[in-house]
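# Secondary and tertiary structure notes
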Amino acid sequence: MTVPSKTDHVDVLIVGAGPAGLMMAAWMATCGIKTRIVDKRGTKIFNGQADGLQCRTLEILDSFGIAERAWKEANHMLEICFWNPDETGAIRRSGRIPDTIPGVSRFQQVVLHQGRIERFFLDYIESKSPIRVERGVLPTKLEFDESLAEDSDAYPITVNLRHLSEEEATPKQASTAANGSCVQDGLFRSNLAADDTAELLRTSELNAKANTEEVVKAKYVLGADGAHSWVRKELGFSLVGDSTDYIWGVLDIVPITDFPDIRSRCAIHSANSGSVMVIPRENKLVRLYIQMTTTEKIGDGGSRADRSKITPETILASAQKILAPYKLSYRKLDWWTAYQIGQRVGTNFSAKERIFLAGDAVHTHSPKAGQGMNISMQDAYNLGWKVSSVIKGLSNRSILKSYERERSGIAHALIQFDHKFSRLFSGRPAKDVMDEEGISLEEFKDAFEKGNLFASGTAVDYEASKIVAKSPEATNGANGVSAPASLEGSKTTPAVTSTQSLASNVKVGMRIPSTKILNQSDARPWHLQERLPSNGTWRILLFVGDVSISEQKQKMETLCKSLSGSNSFLKRFTPSGARYDSVFEVLTVHAAKRTDVSVLDFPEVLRPYDELDGWDYNTIFVDGESYHEGHGQIYETFGIDPKVGCAIVLRPDQYVSYVGPLEDYETVDKFFSDFMIPQN
């Protein structure tokens, strides 16, 4: 029996260093939280894995300053082509649509190897903190003292960690191709593979060199350790849902083909041989998702695919049948895998708001909609700032309840979307209008177009809570689904209610849209979202309207007098000795002519002063036309009357918490007082 060598205390322990775990680590690095992140896998970055980056994910990466690297390296997907059988049964192009709905975001969908995304996060984390991924480290035991769950200073979670050798931590992911070459495969990550945690434990016990353990006591734990999640199993939680009979193979190849749309995203339905999705990637690679129609089954009642019968050659043969009469071959195979479509959601997303699950650990689905890596990172993006705020003593623990309600709703909406999408993609095309068992091609195209908005990530709509001030009737089915019955008892009601009509196109509970605004001081155009970096601060956006109108100017000055008061929430909830803009950043957008006013015409609270740096010239903006980039028309776009104005409160993750009258300081104060902790 191994005796643990030491005990460490951390604020947060992250289990799993994939995209979700690294997103959480990025928040912790940004906010200065003592954190460890461990992963049972070794140091190698594997080929393949996820590759799609949706609009909202790119906005989030941009808020950490790393989207530019992804944007430059990625392959940009601008068009989807539909191929379907004609009256003779031969496939032909039947339509095209934009891959990303125009105007939904300043980014469009791109594809880039998951290893590069992880590299960007690792570089960011290293630049901000001493946090480093500890690889080849396997958790072996978890204890949770629930009696300490509400004690903010306690370390109620104890985790034993075992250090593995490099050999133990490196999965077997190489197979031999027909030509004798060694090819990287992803079957170790496929849902056709069994969980190998128990095998790793047994191996490490026999390897004295690696058989060292330590104990970590943590305030919070995030399980971001994949579909076979050890953390989830230790908690006794499970994934609930269904598997289908659909088996899909995946090839990352440099194709040799006469198929004309190989560099466009394609949805291809053959008459009788299944379907293919084409995803063009970087470096001339193309990813093919290929329906396997001849895979042998094993297990009880033939429910599981026989992995031994799935090879790159059998997958390619299926693709060739589907694409006929077009030819397809390759000389370079970069990676391959196979999976069985299943849609499952976790029974719980957290244990007492101390141990959380994110990503594949709490929801699984097919990869063709390009949602896996995106939803996983967005889970952790939702959670990270909340945990950080509680650990730093700025917010009480009540805000943590919103994680499960918000992300469970998204997961259930994702499963509904994926269930329909997978059925349509895997089904046989209808032969004619009387063929009720076949898939209507118009139905498929319609679902694809509607699904694009959901897939973009921009349609996420969080329900009412302490940090989303909207009426309950605006909440039900916000994401197209009702909250699971198991969560009905966890509802929290906001202390205040928004006046949505004041900014009719800025929906409370959704991420704030982005459009161009001009810096008042130097006329530089910015996208609004560019001024909202993920640094843990709340934003108070003041749309003060046309301040050349005396009534509007008076409303602004009345509000600013309250904001400057000795008992203002800006001061009450800011730690002693810190600047208030380390907790609350006030950004102002006015609608007067830029040349009629200057920064110094605005109250001082809107342009904080620093003894070293002087006035802040980056907090006051105008809704005006730039010299080179046009006019953002933000008031019109957001549905705000410049003769009335409004105040908008944004969470640290850019989602809208509150919309209300510009001059109504008391309601905003009441909103924050419901969950923030006075600091002095």
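A quick note: this is a predicted structure, and the numbers were derived from the prediction, not measured.

## Overview of the sheet that holds strand β25 (residues 525-527)
- The sheet built from seven strands is open, its strands ordered β25-β24-β30-β27-β26-β31-β32 with mixed pairing. One side of each edge strand has no neighbouring strand; the edge strands of this open sheet are β25 and β32 (656-660). Between one strand axis and the next, the sheet turns by 30° as a mean value, whatever way the strands run.
- Of the pairings in the sheet, the one linking strand β24 (residues 516-519) to β25 comprises three bridges and is antiparallel in character. Residue pairing in the sheet places K516 in a bridge with H527 of β25.

## A closer look at the pattern of salt bridges
- Here the structure, examined in full by the defined rule, presents 35 salt bridges.
- Linking E59 and R511 is a salt bridge whose minimum nitrogen-to-oxygen distance equals 2.8 Å. One end of the pair, E59, is in helix α2 (residues 55-63); the other, R511, is in the loop between α11 (441-456) and β24, and 452 residues separate them in sequence.
- The class for E59 is buried, based on a relative accessible area of 2%.
- One salt bridge in this structure joins R162 and E213, with 2.6 Å as the shortest N-O distance. In this pair, R162 sits in strand β10 (residues 157-163) while E213 sits in strand β13 (residues 212-223), placing the two residues 51 residues apart along the sequence. Of the two residues, R162 and E213, both sit in the buried class.
- Members of the salt-bridge network, linked through shared partners, are K6, D8, K34, R36, E134 and E214.

## Points about the packing of helix α1 (residues 19-31) against helix α9 (residues 372-391)
- At their nearest, the axes of α1 and α9 sit 8 Å apart, and the two run at 30° to each other. Between α1 and α9, the angle is such that the two are roughly parallel. Once α1 is placed against α9, the crossing between them reads as right-handed. Between α1 and α9, the contacting residues are P19, A20, M23, M24, W27, M28 and C31 on the first element and M373, S376, M377, A380, Y381, L383, G384, W385, V387 and S388 on the second.
- Here the residues of the contact of α1 with α9 sort into 14 nonpolar, three polar and no charged.

Quick notes on the rules
- Residues numbered from 1 in each chain as written.
- Predicted model: local features only at pLDDT ≥ 70, side-chain atom pairs only at ≥ 80, totals over all residues.
- Heavy atoms only, no water.
- Pairing = 2+ DSSP bridges.
- Helix = DSSP H or I, 4+ residues; strand = E, 2+ residues; numbered from the N terminus.
- Axes fitted to C-alpha atoms, helices over the stretch in contact; angles between N-to-C directions.
- Salt bridge = Lys/Arg side-chain N within 4 Å of Asp/Glu carboxyl O.
- Buried < 20%, exposed > 50% of the residue type's maximum accessible area, 1.4 Å probe, protein only.
- Parallel < 35°, antiparallel > 145°, perpendicular 65-115°, else oblique.
- Left-handed = near helix turned anticlockwise from the far one by under 90°.
- Contact = heavy atoms within 4.5 Å.
- Nonpolar A, V, L, I, M, F, W, Y, C, P; charged D, E, K, R; others polar.

Note that all results are geometric; they support no functional claim without further evidence.
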